[in-house]
Amino acid sequence: MLSKKMEKALNKQVNAEFYAAYLYLAISADFSRKSLNGMADWYHKQAQEEVEHAMKFYNHIQERQGVVILEPIAAVPSEWATPMSAFKAALVHEQKVTGMINALMDIAVGEKDYASQSFLKWFIDEQVEEESEATANIDRLTMLGGKDGKSISGGSLYQLDKLMGKRSGE
Ligand code: FEO
């Protein structure tokens, strides 16, 4: 049985994961409109992963006889001025999620909720990967187009788009 404090924090996490799915879908749609189809595909796959993350939390609440509370999901922007600004928005959200997962683990440890600790371990590891991938996108664009990515040539942008389109659907 979950404590009320843990139940509330887990429900907040369900919302944050669905928000991430919204954010990545919006980024995907924006890239798609700009014919950056590889980047659009990368973020579309990322959005699907986020729905899976949300459902893992949803299922954990259910399995522990908690109450799932689905709060409204905040609106996300529909356009980013540059690919770099979209990549950075993704990293900022992943860093926020990492903080939230760490805070959840603190609650689980404090309450001796061993089942939640075991469940959260996967997310602790996953966030290392999530932040690393978000950072890699920024690094590649920086290499090709400078600090804000703006001086990227059309040819390099095309190559980067093609590379990101090769992401497998993990
Ligand atoms: Fe569900 Fe990208 O963290």
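Everything that follows concerns the structure shown earlier in this document.
Conventions adopted
Residues numbered from 1 in each chain as written. Predicted model: local features only at pLDDT ≥ 70, side-chain atom pairs only at ≥ 80, totals over all residues. Heavy atoms only, no water. Helix = DSSP H or I, 4+ residues; strand = E, 2+ residues; numbered from the N terminus. Buried < 20%, exposed > 50% of the residue type's maximum accessible area, 1.4 Å probe, protein only. Contact = heavy atoms within 4.5 Å. Lys, Arg positive; Asp, Glu negative; His and termini not counted. Charge placed at Lys NZ, Arg CZ, Asp CG, Glu CD. Phe/Tyr/Trp six-rings, centres within 6.5 Å; stacked < 30°, edge-to-face > 60°. Lys NZ or Arg CZ within 6 Å of the ring centre and 35° of its normal.

(A) Inspection of the overall build of the protein chain at higher detail. Counting its regular elements, the protein chain contains five helices and zero strands. Order of helices (α) and strands (β) in the protein chain, N terminus to C terminus: α-α-α-α-α. Across its three principal axes, the protein chain shows a C-alpha extent of roughly 55 × 25 × 25 Å. In the protein chain, which comprises 170 residues, the share counted as buried stands at 44%. Here the analysis covers contacts within the protein chain between residues at least 6 apart in sequence; of these, 80% occur between residues at least 24 apart. If the 19 positive side-chain charges of the protein chain are averaged to one point and the 24 negative ones to another, these points end up 3 Å apart.

(B) Just the packing of aromatic side chains, in detail. Scanning the model with the defined rule gives nine aromatic pairs in all. Judged by centre distance (5.8 Å) and plane angle (45 degrees), the rings of Phe-31 and Tyr-43 are tilted. Of the two residues, Phe-31 is situated in helix α1 (residues 4-33) and Tyr-43 in helix α2 (residues 37-63); the sequence distance between them amounts to 12 residues. Comparing Phe-31 with Tyr-43, the two get one shared label, buried. Summarising the aromatic geometry, the rings of Phe-57 and Phe-119 are spaced 5.2 Å apart at their centres and angled 85 degrees between planes, so their arrangement reads as edge-to-face. Of the two residues, Phe-57 sits in helix α2 while Phe-119 sits in helix α4 (residues 114-145), which places them 62 residues apart along the sequence. Assigned by exposure class, Phe-57 and Phe-119 land together as buried. Site record: aromatic cluster; members linked through ring pairs are Tyr-24, Phe-31, Trp-42, Tyr-43 and Phe-87. Positioned over the ring face of Trp-42 is Arg-167, at 4.3 Å from the centre of the ring.

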